[in-house]
Amino acid sequence: MSKILIRGAKVLGGEAQDVLIDGETIAEVGQNLSAEDATVIEAEGQTLLPGLVDLHTHLREPGREDSETVLTGTRAAASGGYTAVFAMANTFPVADTAGVVEQVWRLGKESGYCDVQPIGAVTVGLEGKQLSELGAMHDSAARVTVFSDDGKCVDDAVIMRRALEYVKAFGGVVAQHAQEPRLTEGAQMNEGVVSAELGLGGWPAVAEESIIARDVLLAEHVGSRVHICHLSTAGSVEIVRWAKSRGIDVTAEVTPHHLLLTDELVRSYNAVYKVNPPLRTEKDVLALREALADGTIDIVATDHAPHPHEDKDCEWAAAAMGMVGLETALSVVQQTMVETGLLDWAGVAERMSFAPARIGGLENHGRPVSAGEPANLTLVDTSYRGVVDPAHFASRSRNTPYEGRELPGRVTHTFLRGRATVVDGTLA
């Protein structure tokens, strides 16, 4: 593999430096570097980050290849600056056995655009009744350490306790989709003023908050780790903040769309805004931003949820829930967190690379941009502004809430172990 010299990039948004990649590794970081036979990338004014890591991606394969495949999903990930993604278990068949997680893992190896780490289901068939093969999935070639029934809540407290106890033995983590099902029967959007005016079934904040409160107490009781998926309310923030103050081993994520969009958008009845958990209020959005800034919320995770056109272009009540997010996540974070002064680029690197890799146990991702480290890197033109056009997405699906919206930032290059997967904004 040839040498690559990235010249004049602002590493983590700091001072301009040169970065020399030799094979799969960063060989040197410094000023005025030179290397014979190196391909030179002039990156003056651009920001160099460690390759992004997404702890919450739906790749849909096996079973829903009409929405996404491992290949198309990892192409979308690379386009968005990601070098590793964690693939959720709600596939068909469900990733609740060693065989299925190994299939997803091998498909990721074959795709070549980013590393794919499968997430195993907590319960058989996501039915919440019987623990799945947690140990066997961990012992498989995929080495699963994160388990989630995402899309459904592990609402049985006894099952949740047993899962937390089981994964503790090998340092695993249960990632909970916090949604009390009885409180959200028939729910179509956030419960509040807008739902009342539109006459749509309300999805109360307490449906999320009550599960989080229960699960942090269970994690404390058994001395295990719990991760909260797509936290969306101001009340949830306060519960996680309280739990961390007690020393409970809890981490939490927020999606880009919950940092930017509110339930006011549902007035359009455009099903692209239908998502689980639902878009909340402006008060919630501001609380989530502050919590991400102060570390109460640990990471940004996309919850990339692709759907075919026919599952979204229909009446609101019949539409599927979810949004694609891999290709726009970094731009939304730049707009909501960096341009508002809540985070600097080093903070973005922590929340979109270092911390998700650490939570998910990925040793070769989320590493410092320094000599001897794997060359998993993302180069971003932060001065760029452009209008989102889903026709140009690498994802197989187009259900983005940002179509026609101007967003800042553009990933110009992504490197996976020294190999460019994106060059000048185009997939290699």
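Anyway, here's the lowdown on the structure attached to this text. (Residues numbered from 1 in each chain as written. Predicted model: local features only at pLDDT ≥ 70, side-chain atom pairs only at ≥ 80, totals over all residues. Heavy atoms only, no water.)

Observations regarding the environment of Gln188
The following threshold applies: Strands here are runs of E lasting at least two residues and helices are runs of H or I lasting at least four, both read from the DSSP assignment and numbered beginning at the N terminus. Note on contacts: a residue pair qualifies if any of its non-hydrogen atoms lie within 4.5 Å across the two residues. Each polar contact in these results corresponds to two N or O atoms within 3.5 Å; when the atoms are within protein, one needs to be able to donate a hydrogen and the other to accept it, and residues that are neighboring in sequence are counted only if both atoms are side-chain atoms.
Assignment of secondary structure puts Gln188 in the loop between strand S10 (173–176) and strand S11 (189–190). C-alpha of Gln188 to C-alpha of Val101: the two residues are 87 residues apart in sequence and 32 Å apart in space. Contact partners of Gln188, with chain neighbours within four places excluded, come to Leu200, Gly201, Lys274, Trp316 and Ala317. In this structure the side chain of Gln188 is engaged in a polar contact, spanning 3.2 Å, whose partner is the side chain of Lys274.

What about the pattern of salt bridges?
Quick reminder of the rule: By convention in these notes, a salt bridge is any Lys or Arg side-chain nitrogen within 4 Å of a carboxyl oxygen on Asp or Glu. Note on classification: 1.4 Å probe, protein chains only; a residue is buried when its accessible area is under 20% of the maximum for its type, exposed when over 50%, partly exposed between these limits.
Inspection of every chain in the model, using the stated rule, returns 21 salt bridges. A salt bridge links Glu185 to Arg182; its shortest N-O distance comes to 3.4 Å. Taking relative accessible area as the criterion, Glu185 reaches 59% and is therefore assigned exposed. One salt bridge connects Arg385 with Glu406, and the closest N-O pair in it is separated by 3.1 Å. With Arg385 in strand S16 (residues 377–387) and Glu406 in strand S17 (residues 406–416), this residue pair connects regions lying 21 residues apart in the sequence. What makes Arg385 partly exposed here is its relative accessible area of 40%. Overlapping salt bridges, with partners in common, bring together Arg64, Asp66 and Asp311 in one network.

Examining the layout of surface pockets
This is how it is decided: Grid spacing is 1 Å over the protein atoms alone, the probe is 1.4 Å, and a cavity is where that probe fits but cannot get out, while a pocket is an open set with protein on both sides within 12 Å along at least five of seven lines and lining residues have an atom within 4 Å of a point. Grid points are joined across faces, edges and corners, and a volume is the space filled by probe spheres set on the points. Under the convention adopted here, Pro, Cys and the residues Ala, Val, Leu, Ile, Met, Phe, Trp and Tyr are nonpolar, Asp, Glu, Lys and Arg are charged, and Gly plus all remaining residues are polar.
The calculated volume of the largest pocket comes to roughly 650 Å³. Surrounding the largest pocket, 27 residues form its lining, Ser79, Glu327, His392, Phe393 and Arg410 being those nearest its centre. Where the lining of the largest pocket is concerned, the elements lending two or more residues are helix H1 (70–79), helix H11 (329–338), S16, S17 and strand S19 (426–427). Counting residues per element, the lining of the largest pocket draws most heavily on S17, at five residues. Empty space within the second largest pocket amounts to approximately 450 Å³. In this structure, the second largest pocket is lined by 24 residues; those nearest its centre are His58, Arg60, Asn90, Gly151 and His307. In the lining of the second largest pocket, the residues fall into seven nonpolar, eleven polar and six charged.

Structural notes on the sheet that holds strand S15 (residues 299–300)
Convention followed: Strands pair, by our definition, only if DSSP identifies at least two bridges between them.
Strand order across the open sheet formed by five strands is S9-S10-S13-S14-S15, with parallel pairing between neighbours. In this open sheet, the two strands that pair with only one neighbour each are strand S9 (146–147) and S15. With three bridges joining them, strand S13 (residues 226–228) and strand S14 (residues 250–254) adopt parallel strand pairing. Directly across from His227, in S14, lies its bridge partner Thr251.

Points about the nonpolar core
The line we're drawing: Put simply, a nonpolar core is a bunch of buried Ala, Val, Leu, Ile, Met, Phe, Trp, Tyr and Cys residues held in one set by side-chain atoms that sit within 4.5 Å of each other.
Leu231, Leu330 and Met352 are the most contacted members of the largest nonpolar core, which has 73 residues in total. In terms of residue count, the dominant contributor to this core is helix H6 (residues 205–222) (six residues). When sequence neighbours within four positions are dropped, the list of residues in contact with Met352 reads Leu52, Val53, Tyr82, Val300, Ala329, Leu330 and Val333.

What about the packing of helix H4 (residues 157–168) against H6?
Note the following rule: Each axis is a line fitted through C-alpha atoms, taken for helices only over the stretch in contact, and angles between the N-to-C directions span 0 to 180 degrees. Throughout this description, any angle smaller than 35 degrees is read as roughly parallel, any larger than 145 degrees as roughly antiparallel, any in the 65 to 115 degree range as roughly perpendicular, and the remainder as oblique. Left-handed describes a crossing whose near helix is turned anticlockwise from the far helix by less than a right angle; the clockwise case is right-handed.
Across the interface, H4 lies against H6 with an axial gap of 10 Å and an inter-helix angle of 45°. Of the possible angle classes, the one that applies to H4 and H6 is oblique. Our pair here, H4 against H6, has a crossing hand that is right-handed. Together, Ala157, Met160, Arg161, Leu164, Glu165 and Lys168 of H4 and Arg214, Asp215, Leu218, Ala219, His221 and Val222 of H6 make up the contact between the two elements. Broken down by class, the residue content of the contact of H4 with H6 amounts to six nonpolar, one polar and five charged.

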